[in-house]
Amino acid sequence: PADARDAAQARVYSAPAPVTDVARLCVCDLLVAQCDANCCCDPDCSAEDFSLFTTCSVPLVIGDSQLCSQKAAVYSLDVEANPPERIFKIIDQVNPSIFCIHATNYKQALYLKSPEIPTAENFDQLLDKFGGATFSAEPDTWNLDTDAQNPPEANETSRYEYGVPVQTEDAFLRLPSPVVSSWCSDANPAGFLVNQATKCIRSVSVKKCDSIQALSMLFYINSSILAAVFQVNITVQSIVVQSLHGMRTLLSSSDVLRLPMVLDELCINAVFGVNYHITHTDTGEIIEAAAAFVLGAISKEELSIEQSFEISFTQENTQPVPLSGNPGYVVGLPVRAGFQPQGYPFPAAFLFASLALSSNKHSQLTILHSTSTQDCLAAQGARAPVLFGYNMISGCKLRITAAMKCQPLAQTLLDVLKGQSFPEYVASFGNSQAQDVLDWVPITQLHISEQMISHTLQSSCQIPVSLGIEVKWTKYGSLVNPQARIVNVTATITTTTLKQLPSGRERIIPITSSVVFTDISSPAEPSYKAWPTINIKLPFDFFYPFV
Amino acid sequence: NNSSQLSSLPLQILLYVNGIYYIFYFLTTLAMIIYKSQVFSYPDDFLAPDLAVLFLMAILEVPRLYLGFKGNLTEAEAPLGLSLGLTVGSVVLCVYLLLWQTYVLWADVLLNAVLLSAYGLESGLKVTAIAAFVS
């Protein structure tokens, strides 16, 4: 049995010998033990099968056609005979060309090379040679080229481009985010200049408090970011501790690394949120990285917590003001607004006047945000930013009782409609800078009284019932790439007279506020490039003999 | 003056024609090797020996013809004998190109056969001339 096995193995190691006899070669014989249609050289076909054929698909079987003289098998059908029969002849084919191959001493010239059969000994070598996606006839030179290409790659991590993952020592800067489901996935890399904010759910347990890596501060700051020549360490900017009830306190010292540990059946110092701030230069090199943590406590009953992550990129020596478009406004981005500082009207102050801007939400152009209770007096403070291009309407219901005094009510309603700090200027372009005062459009305030001709006295007080902001914008620039530019903003307050109610009665008045964007673009004007001028000048010495 | 002139005229004519024919032969064989390397599969380890033989033959041909001319004209048997020896080497190389080249085309066969016959005739005439000079 051992001998038979060895013999069988020995047989397997060699590929079958190539067939070179033209009488036995048949290219169209594809079916095993069956007759192929119209295949005159098929040995499985009988005379009856041949009588059914119409033509011979392979009329000539020959070796290399460039040989000077060789044997060829010719197959043809004799359709005159009844029944049709196949004619098989072996002839000497002669190539009359003077460049025909008379003889060859190179065995593989006329036949395909038999491939090496893999064995246990040569398998590794064959895998190295042919295992990749491509292989060439000369693998040695190929290897030399790839070695030479490796060193230049080290320099490419210095400069980042938009969207490129931020690389750290071990892999990428991770920003855990929900993938498919709401559970946190740690495999999301942070892209350069891509400001992201994600929230995801992490499954926790108090018992495994110190073994879950994602709850520890160290997990987020231990690897340093690869940038330029050196590596940038992630510093801890601030630590906010959140109690079980949700109250947050900012810790005064953020040098100490607080790791999660179990205390009184609570897991304290667990990471609830991380806020990365990366500072970069204008050429794309990262120079600083800081992380602000929110640490909290997990109680025994909680099986999962929600973690929130954010990353923001700021250029060095600039104020981080988010642009709403560059230069024209982009639909969906907030309308930028601001206030003028004191002393603006004086021309001398033009040079120094700059509008006080902040990325604070409360200084933007905002509109009343409807709440579920729909009660105006209870909903104070809920504002929504005005997004360019989105017409919005919101409102609330005001319940007026007899005991309400008019003047304080009017002031309260004005605050509800306009918000705490209603801006005075709106940026006309999405990227208007605070220094360019002419790029800012003043908000025109109008007052309309509902009852213009009324029988009531002037002194009776008016309460505002609606605020309508109309933003007129135009398309600016070229026809193929128009930019949105705000031209005019008008805030209209409509007031109505508050009629005194008899005691015990109450009335419900709807209060509305709306924003409308109107396109006042003028039709596009064709403009031409400068007309070509014909420059005809006679040569200098045209009138030579006379001048 | 046949008795005083021992130089062989047929040998001289043959040597002269051989020189011209050899230039044609060398250029044609080189062109055909280039053609073969483009059209057929001609690996480097097979191309190198064929080219080496061809160039070696060209290097041998120059002194061989010069010595033949000189020996025949000065009626000296030493250069003619040396030329005969070099002819033997050229014959061997010519046989290689005729039989043992990687690809032997029909044109190769013709060219080499003509050259081989020229060498054979030359050798015969040289032997006759040496015999005439010696005696």
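Computed from a prediction, not measured in an experiment: that's the story for all the values here.

Rules used in this analysis
- Residues numbered from 1 in each chain as written.
- Chains lettered and ligands numbered in written order.
- Predicted model: local features only at pLDDT ≥ 70, side-chain atom pairs only at ≥ 80, totals over all residues.
- Heavy atoms only, no water.
- Helix = DSSP H or I, 4+ residues; strand = E, 2+ residues; numbered from the N terminus.
- Buried < 20%, exposed > 50% of the residue type's maximum accessible area, 1.4 Å probe, protein only.
- Contact = heavy atoms within 4.5 Å.
- Areas by Shrake-Rupley, 256 points an atom, 1.4 Å probe, with all protein chains shown as cover.
- Buried area = accessible area lost by both parts, 1.4 Å probe.
- Salt bridge = Lys/Arg side-chain N within 4 Å of Asp/Glu carboxyl O.
- Polar contact = N/O pair within 3.5 Å; in protein donor to acceptor, adjacent residues only side chain to side chain.
- Disulfide = S-S within 2.5 Å.
- Lys, Arg positive; Asp, Glu negative; His and termini not counted.

Draft legend 1. View of the overall build of chain A. Along the backbone of chain A there are 6 helices and 24 strands. Residues classed as buried in chain A amount to 33% of the 547 residues present. Here the analysis covers contacts within chain A between residues at least 6 apart in sequence; of these, 63% occur between residues at least 24 apart. Of the roughly 35,000 Å² that chain A leaves accessible, carbon and sulfur atoms contribute 57%.

Draft legend 2. Geometry of the interface of chain A and chain B. Each partner contributes to the interface: chain A provides 12 residues, whereas chain B provides 18 residues. Around 1,200 Å² of area is buried between chain A and chain B when both sides are counted, 65% of it from carbon and sulfur atoms. Among the residues of chain A in contact with chain B, Phe99(A), Asn105(A) and Tyr106(A) are the three that bury the most area, contributing 45% of the side total. Viewed at the interface, chain B and chain A are joined by 0 salt bridges. Viewed at the interface, chain B and chain A are joined by 9 residue pairs in polar contact (both at pLDDT 80 or more).

Draft legend 3. Region of the structure containing unusual backbone geometry. Residues Asn82(A) and Pro83(A) are joined by a peptide bond in cis, for which omega reads 5°. Not every positive phi belongs to a glycine, and Ala33(A) is a case in point at roughly 60°. By the secondary structure assignment, Ala33(A) is in the loop between helix H1 (2–13) and helix H2 (47–52). Although it is not a glycine, Glu75(B) adopts a positive phi angle of roughly 55°. Tracing the sequence through the fold places Glu75(B) in the loop between helix H2 (44–74) and helix H3 (77–99).

Draft legend 4. Main features of the environment of Arg383(A). Residue and element names in this part refer to chain A. Looking at where Arg 383 falls in the secondary structure, it is placed in strand S18 (residues 383–385). For Arg 383, a relative accessible area of 21% translates into the label partly exposed. Separated by 17 residues in the primary sequence, Arg 383 and Thr 366 place their C-alpha atoms 5.9 Å from one another. Excluding residues that lie within four positions of it along the chain, Arg 383 makes contacts with Thr 366, Ile 367, Leu 368, His 369, Asp 415, Val 416, Leu 417, Lys 418 and Gly 419.

Draft legend 5. Geometry of the state of the cysteines. Residues and elements named next belong to chain A. Under the counting rule described, the total for this entry stands at 8 disulfides over all chains. The disulfide partner of Cys 40 is Cys 56, and the S-S distance across this bridge is 1.8 Å. Residues Cys 40 and Cys 56 are joined by a disulfide whose S-S torsion is about -90°; by sign, that bridge is left-handed. Here Cys 56 lies in the loop between H2 and strand S1 (60–62) and Cys 40 lies in the loop between H1 and H2, a separation of 16 residues in the sequence.

Draft legend 6. Spatial organisation of the side chain of Thr29(B). Residue and element names in this part refer to chain B. Inspection of the secondary structure assignment puts Thr 29 in helix H1 (residues 9–39). Exposure remark for Thr 29: the relative accessible area of 2% places this residue in the buried category. Every residue in contact with Thr 29, bar those within four places of it in the chain, is listed here: Leu 54, Asp 108 and Leu 111.

Draft legend 7. The arrangement of the side chain of Asp36(A) in detail. Residues and elements named next belong to chain A. Structurally, Asp 36 can be placed in the loop between H1 and H2. Put simply, Asp 36 is tucked away with no salt bridge, and the nearest opposite charge, on Arg 86, sits 11 Å away. Separated by 3.2 Å, the side chain of Asp 36 and the backbone nitrogen of Leu 30 make a polar contact. Asp 36 has contacts with Cys 28, Asp 29, Leu 30, Leu 31, Asp 42, Cys 45 and Phe 53, leaving out every residue within four places of it along the chain.

Draft legend 8. Spatial organisation of the pattern of salt bridges. Under the definition given, this model contains 8 salt bridges over all chains. Across the pair Arg202(A) and Asp186(A) runs a salt bridge, and its minimum N-O distance is 3.1 Å. A residue pair is termed long-range when its members are at least 10 positions apart, and Arg202(A) in strand S7 (residues 196–203) and Asp186(A) in the loop between strand S6 (184–185) and S7 qualify at 16 residues. According to the relative accessible area criterion, Arg202(A) is buried, its value standing at 9%. What makes Asp186(A) partly exposed here is its relative accessible area of 29%. When the shortest N-O distance is used, the salt bridge between Arg399(A) and Glu506(A) registers 3.9 Å. Here Glu506(A) lies in strand S24 (residues 506–519) and Arg399(A) lies in strand S19 (residues 392–401), a separation of 107 residues in the sequence. For Glu506(A), a relative accessible area of 49% puts it in the partly exposed group. Residues joined by salt bridges that share partners form a network here, namely Glu61(B), Arg64(B), Glu122(B) and Lys126(B).

This is a description of form; function is not addressed.
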